[in-house]
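Architecture and fold: a report
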Amino acid sequence: LISVKSRELEPGYYWVRLTRFSERTTQELLDALSDAKRKGPIKGIILDLRNNPGGLLDQAVSVSDAFLNKGVIVSMRGRQEETAREFVAKPQDIIDPPLVVLVNGGSASASEIVAGALGDQKRALLVGERTFGKGSVQNIIPLSDGSGLKLTVALYYTPSGRSIQAEGIMP
C-alpha cells in the first residue's frame, strides 16, 4: 500500500499527503518530489498529515530529516536519565521550498513528531487543529498465558522540549 499521494495544485506548488508512516514512506515522499522537480522548480509544498495515525518512528525521523539539515527532530525521555535519546537531523541536501503542514485531531504519533519538529524549527507553518496527543513510547511484555502487558516507558518531546503526550501539537 502506498502511503504518499501527491498532485500539483498549480505550477510549482504541490500537495503531498502522507496517510501513515510505513517502511517506504520516506522513499515514496522523495520519489514524489523527484517527479515534481522534473516538471520544473518546486515553489511550495503543502504536507498533509491530517488523519495520519502515525506509524514507524524511523520514518517520522527520516521524513523530518528530509526537510531539515540541523537540530533536534524529537527526543525520548523516560524516568531514568540514561534512557533518554535524541534524534538529530543530518547535515545534507534538504527539500527547501516553503512548507505548510496540515494537521488535525486525527494526526497522531509519528505525524505529531514530524509536525512538532518542522514547526519548532520554524521550517514549516502549521495549519489546522490541535493534534491527537499520542506521544508515548510503549513496550509490550509477553505473559505466560499468551496475553501481554503494555507499559509506557518514555514520552516523546518536540525540539523545544514540549511533551506530545496528551498535549498534542497546536498549529
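Worth saying up front: this structure is predicted, and the values here are computed from it rather than measured. Per chain, residues are indexed from 1 in the order of the written sequence. With the structure being a predicted model, the display of local features is reserved for residues of pLDDT at least 70 and the display and counting of side-chain atom pairs for 80 or more, all residues being used for whole-chain, interface and lining totals. The side-chain numbers reported here are obtained from all heavy atoms of the structure, hydrogens and water having been left aside.

1. A look at helix 1 (residues 25-38)
- A helix here means a DSSP run of H or I that spans at least four residues, while a strand means a run of E at least two residues long, and both kinds are numbered starting from the N terminus. The span one expects for a helix is its residue count, reduced by one, times 1.5 Å. In this model helix 1 runs 20 Å from its N-terminal to its C-terminal C-alpha over 14 residues, within 8% of the 20 Å that 1.5 Å per residue would give.
- Listed as buried for helix 1 are Thr25, Thr26, Glu28, Leu29, Ala32, Leu33 and Ala36. The arc that holds every buried residue of helix 1, seen down its axis, measures 165 degrees, which confines them to one face. Set apart from the buried face of helix 1 by more than 90 degrees, the exposed residues are Lys37 and Arg38.
- Should any heavy atoms of two residues lie within 4.5 Å, those residues are counted as being in contact. If you follow the buried residues of helix 1, they end up packed against strand 1 (4-10), strand 2 (13-18), strand 3 (44-48) and helix 2 (57-67).
- Downstream of helix 1 by one or two residues, Gly40 has phi in the positive range, about 140 degrees. Classification of residues uses two cut-offs on accessible area relative to the type maximum, computed with a 1.4 Å probe and protein chains only: under 20% is buried, over 50% is exposed, and between them is partly exposed. Working note: the arc is built from the helix axis to C-beta atom directions.

2. Re the side chain of Thr26
- Topologically, Thr26 is positioned in helix 1.
- Polar contacts, as used here, are pairs of N or O atoms within 3.5 Å; protein pairs need one atom able to donate a hydrogen and one able to accept it. Residues neighboring in sequence count only if both atoms are side-chain atoms. Within the local environment of Thr26, its side chain forms a polar contact with the side chain of Ser62, the two groups lying 2.5 Å apart.
- With near-sequence residues (within four places) excluded, Thr26 lies in contact with Gln59, Ser62 and Val63.

3. What to know about the packing of aromatic side chains
- Only Phe, Tyr and Trp rings take part, Trp by its six-membered ring, and two of them pair if their centres are within 6.5 Å. Stacked means planes under 30 degrees apart, edge-to-face means over 60, and tilted covers everything else. The final tally for this structure, using the stated rule, is 0 aromatic pairs.
- Either the NZ atom of lysine or the CZ atom of arginine qualifies as a charge over a ring when it sits within 6 Å of the ring centre and within 35 degrees of the ring normal. For the cation-ring pair, Arg7 lies above Trp15, with the distance from its terminal atom to the ring centre recorded as 4.8 Å.
- A cation over a ring is seen here: Arg77 above Tyr157, with NZ or CZ 3.7 Å from the ring centre.

4. Description of the nonpolar core
- Val16, Leu18, Leu47, Phe67, Val101 and Leu118 are the most contacted members of the largest nonpolar core, which has 41 residues in total.
- Of all the secondary structure elements, the ones that give two or more residues to this core are strand 2, helix 1, strand 3, helix 2, strand 4 (72-77), strand 6 (99-103), helix 3 (110-120) and strand 9 (148-157).
- In terms of residue count, helix 3 provides more of this core than any other element does, 6 residues in total.
- With sequence-adjacent residues up to four places away left out, Phe67 is seen in contact with Leu29, Leu33, Ile45, Leu47, Ile94, Ile95, Leu99, Leu118 and Arg123. We define a nonpolar core as any set of buried Ala, Val, Leu, Ile, Met, Phe, Trp, Tyr and Cys residues linked to one another through side-chain atoms lying within 4.5 Å.

5. Concerning the sheet that holds strand 3
- Here, strands pair whenever DSSP counts at least two bridges between them. Strand order in the open sheet formed by 5 strands is 1-2-3-6-7, and the pairing between neighbours is mixed. Both outer strands of the open sheet, strand 1 and strand 7 (125-128), are each paired with one neighbouring strand and no more. Neighbour-to-neighbour, the strand axes of this sheet turn through a mean angle of 20 degrees, independent of strand direction.
- Summarising the sheet, strand 6 and strand 7 pair through 4 bridges and their orientation is parallel. An axis is simply a line fitted to the C-alpha atoms; with a helix, the fit covers only the stretch in contact. Between two such axes, the angle follows the N-to-C directions and lies from 0 to 180 degrees.

6. Let's talk about the environment of Ala166
- Looking at the secondary structure, you find Ala166 in the segment after strand 9.
- Taking C-alpha positions, Ala166 is 18 Å from Leu126, a pair spaced 40 residues apart along the chain.

7. Here we look at the packing of helix 2 against helix 3
- At a minimum axis separation of 9 Å, helix 2 and helix 3 run at an interaxial angle of 25 degrees. Of the possible angle classes, the one that applies to helix 2 and helix 3 is roughly parallel. Seen along the crossing, helix 2 lies across helix 3 with a hand that is right-handed. Facing Leu57, Ala60, Val63, Ser64 and Phe67 of helix 2, the residues of helix 3 in contact are Ala110, Ile113, Val114, Ala117 and Leu118.
- Classification convention: Asp, Glu, Lys, Arg as charged; Ala, Val, Leu, Ile, Met, Phe, Trp, Tyr, Cys, Pro as nonpolar; all other residues, Gly among them, as polar. Across the contact of helix 2 with helix 3, the residue classes tally to 9 nonpolar, 1 polar and no charged. Angle categories are assigned with fixed cut-offs, so that under 35 degrees is roughly parallel, over 145 is roughly antiparallel, 65 to 115 is roughly perpendicular, and the rest are oblique. Here a crossing is taken to be left-handed if its near helix is turned anticlockwise relative to the far helix by less than a right angle, and right-handed if that turn runs clockwise.

8. Some points on the environment of Arg50
- Tracing the chain through its elements places Arg50 in the loop between strand 3 and helix 2.
- Note on Arg50: relative accessible area 36%, which makes it partly exposed.
- Residues contacting Arg50, with those up to four places away along its chain left out, are Trp15, Arg17, Leu102, Val103, Asn104 and Ser107.
- A polar contact of 2.7 Å, which involves the side chain of Arg50, links it to the side chain of Asp48.

What is shown is where atoms sit, not what they do.
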